[in-house]
Amino acid sequence: MTIIVTGADGYVGWPVLLRLAETFHDERIVGVDNFARRRWVEEIGCVSANPILSPAERRKKVEDLGKVSFVEGDLISKEFVNMLVRVYQPDVIIHLAAQPSAPYSQISWEKAVYTQYNNNVSTLNLLWALKENKMLDAHFIAATTTGVYGAPEYPIPEGFIEVEYKGGKDIVPHPHMAGSFYHMSKCNDINNMYLAHKQWGLPVSDVRVAIVTGATTEEAKGDMATRFDFDFYFGVVTHRFCAQALIGYPITVYGKGLQGKPFVTLEDCVKSFVELAKKKDVDGYDVYNQTLGAVKIVELAEIIREAAEEEIGLEVEIKHVPNPRVEKEEHEMVIENDNFIKLVGKPMDLKEAIGDIFRTIEDRKKIIESYKDRFLPRGLEK
Ligand SMILES: NC(=O)c1ccc[n+]([C@@H]2O[C@H](COP(=O)([O-])OP(=O)(O)OC[C@H]3O[C@@H](n4cnc5c(N)ncnc54)[C@H](O)[C@@H]3O)[C@@H](O)[C@H]2O)c1
């Protein structure tokens, strides 16, 4: 069996690649990346809090594990993707490659177009390469996002919703109500993957990834660490708050902070992709809300304030700042996740992941301190 992981140099992709290598011994595992994430973070003037190996060093490390290949290539090249699929004949593709930042996609027309072109053409190239190479029984596992649902005032289902209208009734994909050009790129991906499933029978697992939180996994730590970003554009809210707390900077809650947001720990995120790769006889379009549930931003700030005190004895202030995002600031998010729970069992607690973050970045104060001007927007949007 062959498993291709796209985005294998990324925050999630690297630990997924390492866990696959640990889990599957007779299978070939192929990691693919164009290292764009490294360039984007450099472009917005920041760095990963913890050092990560260079592409060449990572390649050597994984190739030493045996039966793991690390290929550099850009998924927007149809030629490259066709070659990849023809050469490696994947049974499973775990598609994680994307420009994943909402604020980055909102900077300008160029960034919005780049994000959608990069993300959507990459996915289309993979889908069409499977079709053109007659490999439509491969299991296509893709990272989309819980952000595609928007913030409706009812419990968010796992992908599909029953609709009754004028006496008729049907189960249809949940409407896409995303709040950024990045999130819309994932809605477009979902439409195209759903079409590929309906028209060609491609088995798809559509994993709606929540806000991934965590600094390490069993395999991705020490010199094998995954990246940890804390800037306005690429640092997720949990990571930004932890970095702020660590250097005694106030935790900056956008607006009222009464909006619920869905979270998942890095460990459960990685585990669910690997569990999906093990699954046999997948033939549907299955959706997984990859989340342990929603937490309000003010509650998250409080959890992080307490963890900073418990883990490293720091007293931290919580400060509300004007919201740079257009979003509901009060929203009771209820999100169903039965399919995801069946896959991973009891999810790891968010507090556990936050404790691990503090222990991991504790000695990175100096680097975070010197990039603290990146916590808030730089005015690139003007
Ligand atoms: N981290 C989160 O909180 C989160 C939340 C929701 C969804 N997701 C989704 O999960 C996936 C992984 O996210 P992540 O946080 O690891 O992001 P990441 O940026 O760290 O990883 C994505 C990787 O894809 C690579 N890539 C991008 N475009 C490429 C291309 N055209 N060709 C080859 N490689 C390319 C990048 O270089 C990067 O290494 C993404 O699809 C993202 O949208 C992540």
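The sections below set out a description of the structure shown in this document. Model, not experiment: these values are computed from the prediction.

1. Some thoughts on the overall build of the protein
- The helix and strand inventory of the protein stands at 13 helices and 15 strands.
- Over its C-alpha trace the protein gives a radius of gyration of 20 Å, about what one expects of a compact globule, namely 21 Å for 382 residues.
- Over its C-alpha atoms, taken along the principal directions, the protein stretches across nearly 60 × 60 × 45 Å.
- When burial is assessed residue by residue, the protein has 49% of its 382 residues classed as buried.

2. Remarks on the site of the ligand
- The environment of the ligand is made up of 27 residues, and the closest members are Gly7, Gly10, Val12, Ala98 and Pro100.
- For the shell around the ligand, the secondary structure elements donating two or more residues are helix H2 (36–43), helix H6 (109–132), strand S5 (139–145) and strand S9 (211–213).
- Residue composition of the shell around the ligand, by class: 15 nonpolar, 8 polar and 4 charged.

3. Quick word on the sheet that holds strand S3 (residues 68–72)
- An order of S3-S2-S1-S4-S5-S8-S12 is seen for the 7 strands of this open sheet, with the pairing classed as parallel. Because the sheet does not close on itself, it has two edges, and the strands there are S3 and strand S12 (285–290). Across the sheet, the axes of successive neighbouring strands diverge by a mean angle of 15°, strand direction being ignored.
- Bridge count between strand S4 (residues 92–95) and S5: 4 bridges; the pairing is parallel. Each bridged residue has a counterpart across the sheet, and for Ile94 the counterpart in S5 is Ile141.
- Strands in contact with helix H9 (residues 266–278) are strand S1 (2–6), S4, S5, strand S8 (204–209) and S12; relative to S8, the strand with the most contacts, it is inclined by about 175°.

4. Re the packing of H6 against helix H7 (residues 181–200)
- For the pair H6 and H7, interaxial distance at closest approach is 9 Å and the crossing angle is 15°. Relative to H7, H6 is oriented roughly parallel. Judged by the sense of rotation from one axis to the other, the crossing of H6 with H7 is right-handed. On the side of H6, the interface is formed by Ala112, Thr115, Gln116, Asn119, Asn120, Thr123, Leu124, Leu127 and Lys131, while H7 contributes Phe181, Tyr182, Met184, Ser185, Asn188, Asp189, Asn192, Met193, Ala196 and Trp200.

5. Here we look at the nonpolar core
- Within the largest apolar cluster, 102 residues are counted, with the highest numbers of intra-cluster contacts made by Val5, Val16, Leu17, Ile94, Ile141, Cys242 and Ile304.
- Setting aside anything within four residues of it in sequence, one finds Ile304 in contact with Phe241, Cys242, Ala245, Ile251 and Ile354.
- The next biggest cluster of nonpolar side chains, apart from the first, holds 9 residues, and it includes Val41, Cys46, Val47 and Phe232.

6. Brief notes about H6
- Between its first and last C-alpha, H6 extends 33 Å over 24 residues, near the 34 Å set by a 1.5 Å rise per residue.
- The complete set of buried residues in H6 reads Lys111, Thr115, Asn118, Asn119, Asn120, Ser122, Thr123, Asn125, Leu126, Leu127, Ala129 and Leu130.
- Downstream of H6 by one or two residues, Lys134 has phi in the positive range, about 55°.

7. What about the packing of helix H1 (residues 13–23) against H9?
- Close contact between H1 and H9 brings their axes to 10 Å; oriented N to C, the two are set at 50°. As far as their axial angle goes, H9 and H1 are oblique. Where H1 crosses over H9, the two elements pack in a sense that is right-handed. Contacts between H1 and H9 involve Pro15, Val16, Arg19, Leu20 and Thr23 from the first element and Leu266, Val270, Phe273, Val274 and Ala277 from the second.
- Residues that form the contact of H1 with H9 fall into these classes: 8 nonpolar, 1 polar and 1 charged.

8. So, the environment of His176
- With respect to the secondary-structure elements, His176 resides in the loop between strand S7 (168–173) and H7.
- On the neighbour-count criterion, His176 (16 C-beta atoms within 10 Å) is partly exposed.
- Here the alpha-carbon distance between His176 and Asn188, two residues 12 residues apart in the chain, equals 9.1 Å.
- Those residues in contact with His176 that lie beyond four places of it in its chain are Val148 and Cys187.

9. What to know about the environment of Lys365
- As for its position among the elements, Lys365 is in helix H13 (residues 365–370).
- The class of Lys365 is partly exposed, set by 15 C-beta atoms lying within 10 Å.
- Remark: the alpha-carbon pair of Lys365 and Gln259, spanning 106 residues in sequence, is separated by 29 Å.
- Discounting chain neighbours no more than four positions away, the residues touching Lys365 are Leu246 and Ile247.

10. Points about unusual backbone geometry
- Phi angles above zero are rare outside glycine, and Lys134 is one such case at about 55°.
- The residue Lys134 is located in the loop between H6 and S5 in this model.
- Unlike most non-glycine residues, Lys166 shows phi in positive territory, near 45°.
- Examined against the element boundaries, Lys166 turns out to sit in the loop between strand S6 (160–165) and S7.

About the thresholds
- Residues numbered from 1 in each chain as written.
- Predicted model: local features only at pLDDT ≥ 70, side-chain atom pairs only at ≥ 80, totals over all residues.
- Helix = DSSP H or I, 4+ residues; strand = E, 2+ residues; numbered from the N terminus.
- Rg over C-alpha atoms; globule rule 2.2 N^0.38 Å.
- Buried ≥ 20, exposed ≤ 12 C-beta atoms within 10 Å, placed from the backbone.
- Near = placed C-beta within 6 Å.
- Nonpolar A, V, L, I, M, F, W, Y, C, P; charged D, E, K, R; others polar.
- Pairing = 2+ DSSP bridges.
- Axes fitted to C-alpha atoms, helices over the stretch in contact; angles between N-to-C directions.
- Contact = placed C-beta atoms within 7 Å.
- Parallel < 35°, antiparallel > 145°, perpendicular 65-115°, else oblique.
- Left-handed = near helix turned anticlockwise from the far one by under 90°.
- Core = buried A, V, L, I, M, F, W, Y, C linked by C-beta atoms within 7 Å.
- Expected span 1.5 Å × (residues − 1).

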